[in-house]
Amino acid sequence: MPITSKYYGRTADGREVYAYTLENAAGMRAEVIEYGCTLTQLWVRDKAGNLRDVVLGYRTLEEYEAGDASIGAFVGRVANRIENARFAVGGKTYHLVANDGPNHLHGALGRVVFKGRIVREGEGEDAGEALALFYHSPEGEDGFPGNLDVTVTYTLTEAGALVMDYRAETDAPTIVNFTNHSYFNLDGHDSRSVLEQTLRIDAAAFCEGNEQTCPTGRILPVEGTVFDFRTAKPIGADFARGDAQLAMAHGYDHNFVLDKRPGMLELACEAHSNVSGITLRAYTTQPGMQLYTGNYLDGAGTGKDGRPFQNHQAFCLETQHFPCTPSHPEFPSIELLPGEEYHETTAYAFSAQG
């Protein structure tokens, strides 16, 4: 179905922001705003055929600007943490904005205004519309080297998948690691906990974290630990086990090393709610996925239902390269050089069972 747009608001510094609505024939609907390429709504049919908005969000642009939890946002230049807010590339060391204690977290792109454009994708009977959003990140933004031209494309398929495609090019050696930071609750954004919703992750290993949830560099097997999601289980099943890693992060905030071929779009995980009957399957080309269980949502603001967010009200499936990669050269590289194209894809596919 045609993508529609409407005026959404004006930022504090006077920039106009538009919202775009993508919809398929089944009534599934996604709203994306130009501010941070943010996914503000995602309406999915449940087992009774009713639509539920399964992502957390704010009510106004002003609240998105004031928020600090990256709710629904596209994040980068480098998603997740860069330890001690510094890295080296091309023989030079660069110092970034320290916005998470001593570390750099997620970057500025979730807080800038992209330029949206409706584009045609595919050929013949398979052709359809997609939403492409563009941003030029100038050299020195957040302290990163190189000018970076970014394109984020959202496509909503008739099969029920929201596809997010990320591309970037640079004119100087730099580092790039994009992700989407949507908070999912498969019972609806106005439900209060996801700890009984089930999750299966195709990962036999995870990155051990330190007290700042930065990877120590040790990649550990999940077998026999609270990180073993190879068989589906409730997200909160092991919260009471006294695991030191979970206690440190107040829940899950860890990178899982996905069991997949490098660069191939393959299944990463599957989440399900018995209440709504909704299943979410995440596919990605990325090697890792950060599971975050909304451990600090309390105090992050007020949701679309007018009630304050609560801890563990939603979960994030942040497909990505590994956090703190510059500190661990053995991790898959996130360097991007002139003449290369950064290109990653993630798809969130939904279905429902009665």
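Everything numeric in this text was worked out from a predicted model, so none of it was measured. (Residues numbered from 1 in each chain as written. Predicted model: local features only at pLDDT ≥ 70, side-chain atom pairs only at ≥ 80, totals over all residues. Heavy atoms only, no water.)

**A closer look at the pairing of strand 1 (residues 4-10)**
Right, so step 1: Pairing geometry for strand 1 and strand 2 (residues 16-23), over six bridges, is antiparallel. Note that in strand 2 the partner of Lys 6 across the bridge is Ala 19.
Right, so step 2: In this structure, the hairpin formed by strand 1 and strand 2 is closed by a connection of five residues, where Gly 14 is found at a positive phi of approximately 95°. (Pairing = 2+ DSSP bridges. Helix = DSSP H or I, 4+ residues; strand = E, 2+ residues; numbered from the N terminus.)

**Looking at the packing of aromatic side chains**
Right, so step 1: For the structure on display, the rule yields 22 aromatic pairs.
Right, so step 2: Aromatic side chains Tyr 58 and Tyr 64 sit 5.1 Å apart centroid to centroid with 85° between the ring planes, which places their arrangement in the edge-to-face category. Residue Tyr 58 shares its accessibility class with Tyr 64, and that shared class is buried.
Right, so step 3: Ring centres 3.9 Å apart and planes at 10° place the aromatic pair Phe 206 and Phe 227 in the stacked group. Note that Phe 206 is positioned in strand 18 (residues 203-209) and Phe 227 in the loop between strand 19 (215-221) and strand 20 (233-234), a separation of 21 residues in sequence. In this structure, Phe 206 and Phe 227 share a single accessibility class: buried. (Phe/Tyr/Trp six-rings, centres within 6.5 Å; stacked < 30°, edge-to-face > 60°. Buried < 20%, exposed > 50% of the residue type's maximum accessible area, 1.4 Å probe, protein only.)

**Description of the nonpolar core**
Right, so step 1: In this structure, Leu 42, Tyr 154 and Phe 350 are the most contacted members of the largest nonpolar core, which totals 61 residues.
Right, so step 2: With five residues, strand 13 (residues 148-156) is the single largest residue contributor to this core.
Right, so step 3: Not counting residues within four places of it along the chain, the set of residues in contact with Tyr 154 comprises Leu 22, Val 32, Cys 37, Phe 74, Ala 130, Leu 131, Leu 133, Leu 162, Val 163, Met 164 and Asn 180.
Right, so step 4: Within the second largest apolar cluster, 18 residues are counted, among which are Leu 56, Ile 71, Leu 297 and Cys 316. (Core = buried A, V, L, I, M, F, W, Y, C linked by side-chain atoms within 4.5 Å. Contact = heavy atoms within 4.5 Å.)

Function cannot be read off these values alone, since they describe shape.
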